[in-house]
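Analysis of the macromolecular model
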Amino acid sequence: MKNIFLMLAIVFAISCKDSPKVKQEVLENTDSTSLSEIDTKINDSLLLEKGKMYAQTTQKVLGENLMFQLQQNGAVAALEFCNEKAYPLTDSMAIVHHAKIKRVSDKPRNTNNLANENELEYIEFFKSKIHNNESYEPILTNENGITDFYSPIVTNTMCLNCHGVPGTNIDPKVTQILNDKYPYDQATGYKENEVRGIWSISFKDE
């Protein structure tokens, strides 16, 4: 009987169109012979990969545009890009992916990006993992056919031009603009490889 369940699971995994690599990994790493349990694990893995793809592609669009501005026109132009274009580009990617895509933080630059209670807990989770150099996976929750995906936004050298230490990483001109445009800015003082916030993404199970 166990062999029958396992064979059915393998047939299901092979016949489904989505991400055979993910399905194979799940089948290889599960000790369960219950078809429903295997199906759930496969589905969760597919949803996790979908969330990762949404976050990575949106980050790539923002990062490439930001890097271009920084290299071609300097930190002031990069800041102006973030102020004027980051939201529209993120919204455009949300439309492409048929998802809700947000960047939220416990120390936001724009108060509209303040994390809610659950998101604050997830930020602390990722901070702990990265600070202690521990492995982690993005967080995935599912309710009523809606998947919520959360993964950390980690600082790199480029980020420090606007999110580092004023007077050390941040040009005085940038600091002045930040003070003018974001009077309640909390998003400075970071070093490399620190959690600045998280991707908070919601999409329908399909």
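Sequence order as written defines residue numbering, which begins from 1 separately in each chain. A pLDDT threshold of at least 70 governs which residues receive local features in this predicted model, and a stricter bar of 80 or more applies before side-chain atom pairs are shown or counted, although totals over entire chains, interfaces and linings include all residues. Side-chain numbers here rest on the full set of heavy atoms in the structure, without hydrogens or water.

1. Overview of the overall build of the protein chain
Secondary structure follows DSSP: runs of H or I at least 4 residues long count as helices, runs of E at least 2 residues long count as strands, and numbering of each begins at the N terminus. Along its length, the protein chain carries 7 helices and 4 strands. Starting at the N terminus and ending at the C terminus, the protein chain contains elements arranged as α-α-α-α-β-α-β-β-α-α-β. Expressed as a percentage of the 206 residues in the protein chain, the buried residues total 37%. The contact criterion used throughout is that any non-hydrogen atoms of two residues lie within 4.5 Å. Within the protein chain, residue pairs in contact and separated by at least 24 positions form 68% of the contacts whose partners lie at least 6 positions apart. For each residue, the accessible area found with a 1.4 Å probe, counting protein chains only, is set against the maximum for its type, and the residue is called buried under 20%, exposed over 50%, and partly exposed in between.

2. Things to note about the sheet that holds strand β1 (residues 99-104)
Two strands are said to pair when DSSP picks up at least two bridges between them. Reading across from one edge, β1-β4-β3-β2 is the order of the 4 strands in this open sheet, with antiparallel pairing throughout. Each edge of the sheet is formed by a strand with only one pairing partner; in this case those strands are β1 and β2 (139-143). Averaged over all pairs of adjacent strands, the angle between their axes in this sheet comes to 15°, without regard to strand direction. Taken together, the 6 bridges between β1 and strand β4 (residues 195-204) define a ladder with antiparallel strand orientation. Residue Ala99 lies in a different strand from β4, and its bridge partner there is Phe203. Docked against the sheet, helix α5 (residues 117-131) engages β1, β2, β3 (146-154) and β4, running at close to 125° with respect to β4. Between N-to-C directions, angles span 0 to 180 degrees; the directions come from axes that are lines fitted to C-alpha atoms, helices contributing only their stretch in contact.

3. Some thoughts on the packing of aromatic side chains
Each aromatic pair joins two rings of Phe, Tyr and Trp (for Trp, the six-membered one) with centres within 6.5 Å, and gets the label stacked for planes under 30 degrees apart, edge-to-face for over 60, and tilted for any other angle. With the rule as written, the count across this model stands at 4 aromatic pairs. Geometrically, the ring pair formed by Tyr122 and Tyr150 is tilted, given 4.5 Å between the ring centres and 45° between the ring planes. Note that Tyr122 is positioned in helix α5 and Tyr150 in strand β3, a separation of 28 residues in sequence. This pair shows no difference in class: Tyr122 is buried, exactly as Tyr150 is. Here Phe125 and Phe126 contribute two aromatic rings whose centre-to-centre distance is 5.2 Å and whose plane-to-plane angle is 70°, an arrangement assigned as edge-to-face. In this structure Phe125 comes out as partly exposed when scored by relative accessible area, which is 32%. The class for Phe126 is buried, based on a relative accessible area of 0%.

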